[in-house]
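# Overview (structure and organization)
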Amino acid sequence: MAGLATAFGSGAMTNSIKEFAKSKCLLVIGSNTTENHPIIGLQVKKAARSGAKLIVANPRQIDLCSMADIWLQQRPGTDVALLAGMMKVIVEEGLLDEAFIAERCEDVDVLKESLASLDLDKIAEITAVPLAKIVEAARLYATNSPAAILYTMGITQHTHGTDNVLAVANLAMLTGNLGKESAGVNPLRGQNNVQGACDMGALPNVYTAYQRVDDATVKAKFEAAWGVTLKDKPGLTLAEMFGAAHNGEIKALYLVGENPVLSDPDARHVEEAIKKLDFFVVQDIFLTETAKLADVVLPAATYAEKDGTFTNTERRVQLLRRAFEPVGSAKADWEITCEIARRMGSGGFDFRSSAEIMDEIAKLTPSYGGISHERLDKEGGLQWPCPTAEHPGTPIMHKEKFTRGKGKFTPIKYKPPMEETDEEYPLILTTGRIRFHYHTGTMTRRVKGLDKIRPEELLDINPVDAARLGIRDGDMVKIASRRGALAVKAQVTARCAPGVVFMTFHFAEAAANILTNSALDPVSKIPEYKVCAVKVEKVVPASVMESGEAVSVR
């Protein structure tokens, strides 16, 4: 969010999913699209089969690599260097869109100055990508328009994730690939309503539609609407909350729809923080690993048991209809929150339906101003910005001008990951998802068919590393970081480069986030999930550690 908001004034996909099939070039970076966003992956495949140039930048050999014109297998955590190298080639070879830059952007000279001192041979060394491939990728992207960039958490989950996003934005503006069909910068959201949650102010520094809490005019508007006095100081992110709880600065926590004992980095530290709270409430659809630690668990309704809306990754607001009544004492999240507020004596929570809540959203949220349940029921999904009831929605953003006026170039300097390998921890662990399970597995691990396809965690390790360590496919191994250790079954595969291993975070029995690094991006406050220094050793005999047994190394 922070990077695109800085560059464009809006932190969301600039284009629509169906457009990718007609792109002339697609740069897929930090995204295993066919596994994590299979419907979007189909559009990418369709474009490639129709002759579009496909550039894949990923430390792992994903499915799309087999269709790619170029696969850039960069070292984890070197995306800024890779993108800067591509931009330097584009500038030096005169492949930039001078007219677009002059009319629509600002500060390009500052970017050019930052690129001038770069040594392309050094970039190749840092990234482990041959210079010839960097040059070829730059030429392909710059000379095949419209070109779209797709990225996910492989870009954002770093201590320099904001820099990664700013570099992506720079690349798109440099080549004029914004404000037109089948182009743009497109962050693919990890869950079905991540975009909607952010749009509704589920961030510590903004109200709905990214209206800042420290803006006096915005503050006055919401105070008048709600009849309360509001603070103008941004709050804490989820990761910061657990740090504050661990330090005794937060005494109580109300957690909705999250399982941080599995999903947050340095999971042991998270569990310790929760246990230090005086009062802990969890609101969820299942009794998760985190909910088991709660003082009170509030049973929430599932998506099929409530009315409302989801806003998907392409900014499309879609109406959700209840299919059946909630099971047991479960209620819709909004009903639970309103009931608690009323019992605490707060006014303004007398909504009778989710449609009434959407009406308030429209009144206070300019980009949602023309959206209502009634209209969604008649017309189907609408893409914001949709400021009035007559507005058709916006499939392509920034067509005439950027949300902030002019697109802003930002000079970017490569910074190494916060945690690097050394003699004791010589391997890099990177994490991600697979097609058959979802996030912490809270829902998908309860589906027998999916769990049968992939019932356990596997550690992907390159044959070179496996041979050096005496590890064979299917062996039990111990993987340890500076924060913890666990046992897992090895899967020997060339999908990872030598020196890099891979795990998912779907399995509570082998919770990868016991290992991961909690260092934060200083701007977005997102943890560095994608780079973690580890060591791996064969477990002999296998019975020494059962699969997933965690061991503290503190």
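If you're wondering where the values come from, they're calculated on a predicted model, not measured in any experiment. (Residues numbered from 1 in each chain as written. Predicted model: local features only at pLDDT ≥ 70, side-chain atom pairs only at ≥ 80, totals over all residues. Heavy atoms only, no water.)

## Thoughts on the pairing of strand β2 (residues 53-57)
Within β2, 4 of the 5 residues are buried, which leaves the element mostly enclosed by the surrounding structure. Inspection of the sheet shows strand β1 (residues 25-29) paired to β2 by 5 bridges, in the parallel sense. For Leu 26, the partnering residue across the bridge sits in β2 and is Leu 54. (Buried < 20%, exposed > 50% of the residue type's maximum accessible area, 1.4 Å probe, protein only. Helix = DSSP H or I, 4+ residues; strand = E, 2+ residues; numbered from the N terminus. Pairing = 2+ DSSP bridges.)

## Brief notes about the pattern of salt bridges
Two side chains of opposite charge can pair, provided their charged atoms sit close to one another. Taken as a whole and assessed by the stated rule, the structure comprises 28 salt bridges. In this structure, Glu 339 and Arg 343 form a salt bridge, with 2.8 Å as the shortest nitrogen-oxygen distance. Of this pair, Glu 339 and Arg 343 both sit in helix α16 (residues 333-343), 4 residues apart, which is roughly one turn of the helix. Since its relative accessible area comes to 71%, Arg 343 is described here as exposed. Ionic pairing is found between Lys 535 and Glu 424, a salt bridge with its closest N-O pair at 3.4 Å. A residue pair is termed long-range when its members are at least 10 positions apart, and Lys 535 in strand β19 (residues 532-538) and Glu 424 in the loop between β13 (407-408) and β14 (427-432) qualify at 111 residues. The class of Lys 535 is partly exposed, set by a relative accessible area of 28%. (Salt bridge = Lys/Arg side-chain N within 4 Å of Asp/Glu carboxyl O.)

## Some remarks on the sheet that holds strand β3 (residues 70-72)
Taken together, the 5 strands give an open sheet; going across it, the order is β3-β2-β1-β5-β6, and neighbouring strands pair in parallel fashion. Two strands in the sheet have a free side with no partner beyond their single neighbour: β3 and β6 (184-187). Here the average twist between neighbouring strands, direction ignored, is 15°. Of the strand pairs in this sheet, strand β5 (residues 147-151) and β6 are connected by 4 bridges, and their pairing is parallel. Residue pairing across strands places Ala 148 opposite Gly 184, the latter belonging to β6. Its contacts with the sheet place helix α3 (residues 38-49) against β1, β2 and β5, and it is angled at close to 140° to β1. (Axes fitted to C-alpha atoms, helices over the stretch in contact; angles between N-to-C directions. Contact = heavy atoms within 4.5 Å.)

## Some words on the packing of helix α4 (residues 79-92) against helix α6 (residues 108-116)
The interhelical angle for the contact between α4 and α6, taken along N-to-C directions, is 105°, at an axis separation of 10 Å. Our classification of the angle between α4 and α6 gives roughly perpendicular. Contacts between α4 and α6 pair Ala 84, Met 87, Lys 88 and Val 91 from the former with Leu 111, Lys 112, Leu 115 and Ala 116 from the latter. Each residue belonging to the contact of α4 with α6 can be placed in one class, and the counts come to 6 nonpolar, no polar and 2 charged. (Parallel < 35°, antiparallel > 145°, perpendicular 65-115°, else oblique. Nonpolar A, V, L, I, M, F, W, Y, C, P; charged D, E, K, R; others polar.)

## Let's talk about the pairing of β14
Counting buried positions along β14 gives 6 out of 6 residues, so the element sits mostly inside the fold. Sheet analysis places β14 next to β19, joined by 3 bridges and oriented antiparallel. Its bridge partner being in β19, Ile 428 is matched across the sheet by Ala 533.

## Thoughts on the packing of aromatic side chains
Evaluated as defined, the whole model comprises 5 aromatic pairs. Grouped by ring-pair contacts, the aromatic residues Phe 8, Phe 100 and Phe 402 constitute a single cluster. The ring of Phe 502 has Arg 60 sitting right over it, with the charged end atom 3.6 Å from the ring centre. In this arrangement the basic side chain of Arg 315 is found over the ring face of Trp 384, its NZ or CZ atom lying 5.8 Å from the centre. (Phe/Tyr/Trp six-rings, centres within 6.5 Å; stacked < 30°, edge-to-face > 60°. Lys NZ or Arg CZ within 6 Å of the ring centre and 35° of its normal.)

## Describing the domain arrangement of the protein chain
Along its sequence, the protein chain is organised into domain 1 (2-188), domain 2 (194-383) and domain 3 (427-552). Facing 10 residues of domain 1, the contacting portion of domain 2 comprises 5 residues. Carbon and sulfur atoms make up 44% of the area that domain 1 and domain 2 hide from each other, which totals about 570 Å². The tally of links from domain 1 across to domain 2 stands at 4 residue pairs in polar contact (both at pLDDT 80 or more). Among the residues forming the side of domain 1 that touches domain 2, the class breakdown is 6 nonpolar, 4 polar and no charged. (Domains from an automatic or database assignment. Buried area = accessible area lost by both parts, 1.4 Å probe. Polar contact = N/O pair within 3.5 Å; in protein donor to acceptor, adjacent residues only side chain to side chain.)

## Examining unusual backbone geometry
The residue after Ser 145, namely Pro 146, is reached through a cis peptide bond having omega 5°. As for its position among the elements, Pro 146 is in the loop between α8 (131-143) and β5. Residue Pro 385 is bonded to the preceding Trp 384 through a cis peptide linkage, with omega at 0°. With respect to the element layout, Pro 385 can be found in the loop between β12 (382-383) and β13.

## A few points about the nonpolar core
Membership of the largest hydrophobic core comes to 54 residues, with the highest contact counts inside it found for Phe 8, Leu 72, Met 86, Tyr 141, Leu 171 and Leu 174. Contacts of Leu 72, omitting those with residues within four sequence positions, involve Ile 55, Val 56, Ala 57, Asn 58, Leu 82, Met 86, Val 129, Lys 133, Ile 134 and Ala 137. With 24 residues, the next largest nonpolar core counts Ala 267, Leu 459, Val 501 and Ala 510 among its residues. (Core = buried A, V, L, I, M, F, W, Y, C linked by side-chain atoms within 4.5 Å.)

## Section: the environment of Thr 504
Here Thr 504 lies in strand β18 (residues 500-504). Under the relative-accessibility criterion, Thr 504 is labelled buried at 0%. The spacing of Thr 504 and Glu 457 is 47 residues in sequence and 7.1 Å in space, taken between C-alpha atoms. A polar side-chain atom of Thr 504 sits 2.7 Å from a polar atom in the side chain of Glu 457.

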